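Here is how the chains run, residue by residue.
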Amino acid sequence: MSAPHHAEHAHAGPSEDLSPSEYWEQRYSGREPIWSGKVNETMASVVRDLSPGAALDLGCGEGGDVLWLAEQGWQALGLDISATAVGRARAAATARGLEAATFTATDLSTWEPEPHSLDLVTASFFQSSVALDRTAILRRAASALRPGGHLVVTSHAAPPSWASDHPARMVSIDEEVQQLAQPAEDWDVVTAEERQRPALDPEGHAGEHLDALLVLRRR
């Protein structure tokens, strides 16, 4: 997996006929990182106000969000299907001396978390053009939150302003709430909104993304 907010270039990638693990390994097969390494600012704007604890980032890619969480005092674990991406994330953590940032390569479709073990679960642009049981994975991850813990999900709500389509399925904020804030008695909906975000198209011209931001708090 990966977090496409980390780069603003066009989505070019391997064949969608590959298995998820093969697809993402090929996506990361080049010598250079494919994302910027910077934190998702939408996620950061939410998490800055939270007290650090144990955090998990789903589809961490090359680790930008996890590294930032560790720098803020979180004990942060990143999970991704690509061993190559995880290797780059570990190297970045070592280079920055961030022992609190750890990474594991795993297939999230079969991964099971430890219940009530986390204070924060993040998923930034956890969308894919190949097989991904997204809702089931997010629900399982949310089950790992302790009372008072937060689920922070940032998603593409529409293709970029310069594009007519997008390889990954778009997510509406209403749909996100209906799928993830269940059972309703277990969750407070802290934020459920769409946000515009400035971006550059592949030619360097000004454009924007439309993100769906959902923040849930476990009661």
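Calculation notes
- Residues numbered from 1 in each chain as written.
- Predicted model: local features only at pLDDT ≥ 70, side-chain atom pairs only at ≥ 80, totals over all residues.
- Heavy atoms only, no water.
- UniProt positions renumbered as here; feature names shortened; annotations may be inferred.
- Helix = DSSP H or I, 4+ residues; strand = E, 2+ residues; numbered from the N terminus.
- Buried < 20%, exposed > 50% of the residue type's maximum accessible area, 1.4 Å probe, protein only.
- Contact = heavy atoms within 4.5 Å.
- Phe/Tyr/Trp six-rings, centres within 6.5 Å; stacked < 30°, edge-to-face > 60°.
- Pairing = 2+ DSSP bridges.
- Right-handed = clockwise from strand over helix to strand, strands pointing away.
- Axes fitted to C-alpha atoms, helices over the stretch in contact; angles between N-to-C directions.
- Parallel < 35°, antiparallel > 145°, perpendicular 65-115°, else oblique.
- Left-handed = near helix turned anticlockwise from the far one by under 90°.

Examining the UniProt feature "domain: Methyltransferase" (unreviewed entry) in the protein chain
Logical step 1: Under the present numbering, the feature "domain: Methyltransferase" (unreviewed entry) in UniProt falls on residues 56-149.
Logical step 2: Across residues 56-149, the secondary structure splits into 32% helix and 28% strand, with the terminal C-alpha atoms separated by 11 Å.

Some remarks on helix 5 (residues 134-142)
Logical step 1: In terms of burial, helix 5 is a largely internal element, seven of the nine residues being buried.
Logical step 2: Among the residues making up helix 5, those that are buried are Arg134, Thr135, Ile137, Leu138, Arg140, Ala141 and Ala142.
Logical step 3: Check the buried side of helix 5 and you find it contacts strand 1 (54-58), strand 4 (118-124), strand 5 (145-156), helix 6 (173-180), strand 6 (187-200) and strand 7 (206-218).

Re the packing of aromatic side chains
Logical step 1: Counted by the stated rule, this structure contains two aromatic pairs.
Logical step 2: Taking the centre distance of 5.1 Å and the plane angle of 80 degrees together, the rings of tyrosine 23 and tryptophan 24 count as edge-to-face. Considered together, tyrosine 23 and tryptophan 24 belong to a single accessibility category, that of buried residues.
Logical step 3: Taken together, a centroid distance of 6.4 Å and an interplanar angle of 35 degrees make the contact between tryptophan 24 and tyrosine 28 tilted. Taken individually, tryptophan 24 and tyrosine 28 each receive the classification buried, so the pair is uniform in this respect.
Logical step 4: Aromatic ring contacts, followed pair by pair, group Tyr23, Trp24 and Tyr28 into a single cluster.

Describing the pairing of strand 2 (residues 75-80)
Logical step 1: As paired strands, strand 1 and strand 2 are joined by five bridges and run parallel to one another. Across the sheet, alanine 55 pairs through a bridge with alanine 76, a residue of strand 2.
Logical step 2: Taking the sense of rotation as the criterion, the β-α-β connection linking strand 1, helix 3 (residues 64-71) and strand 2 turns out right-handed.
Logical step 3: As paired elements, strand 2 and strand 3 (residues 101-105) share five bridges and run parallel to each other. Bridge assignment links glycine 78 to a residue of strand 3, and that residue is phenylalanine 103.
Logical step 4: Crossover connection from strand 2 via helix 4 (residues 83-95) to parallel strand 3: handedness right-handed.

Quick notes on the environment of proline 33
Logical step 1: Residue placement: proline 33 occurs in the loop between helix 1 (20-27) and helix 2 (41-47).
Logical step 2: Between the alpha carbons of proline 33 and alanine 85 there is a distance of 8.4 Å; along the sequence they are 52 residues apart.

Side note on the packing of helix 5 against helix 6
Logical step 1: With their axes 10 Å apart at the nearest point, helix 5 and helix 6 run at an angle of 55 degrees to one another. Relative to helix 6, the element helix 5 is oriented oblique. Two packed elements cross with a definite hand, and for helix 5 against helix 6 that hand is right-handed. Of the residues in helix 6, those touching helix 5 at Arg134, Thr135, Leu138 and Arg139 are Glu176, Gln179 and Leu180.

Quick notes on the sheet that holds strand 7
Logical step 1: The sheet built from seven strands is open, its strands ordered 3-2-1-4-5-7-6 with mixed pairing. Each edge of the open sheet carries a strand with a single partner, namely strand 3 and strand 6. Neighbour-to-neighbour, the strand axes of the sheet open up by a mean angle of 15 degrees, direction not taken into account.
Logical step 2: Here strand 1 pairs with strand 4 via four bridges, running parallel. Bridge pairing in strand 4 links leucine 56 to valine 121.
Logical step 3: Against the sheet, helix 5 contacts strand 1, strand 4, strand 5, strand 6 and strand 7, and its axis sits at roughly 155 degrees relative to strand 5.
Logical step 4: Across the sheet, helix 6 touches strand 5, strand 6 and strand 7, and the angle it forms with strand 7 is around 25 degrees.

Some words on unusual backbone geometry
Logical step 1: A cis amide bond links glutamine 182 with the next residue in sequence, proline 183, at an omega value of -5 degrees.
Logical step 2: Among the structural elements, proline 183 can be located in the loop between helix 6 and strand 6.
Logical step 3: One non-glycine residue with positive phi stands out, namely histidine 116, at about 55 degrees.
Logical step 4: One can find histidine 116 in the loop between strand 3 and strand 4.
Logical step 5: A relative accessible area of 48% places histidine 116 in the partly exposed class.

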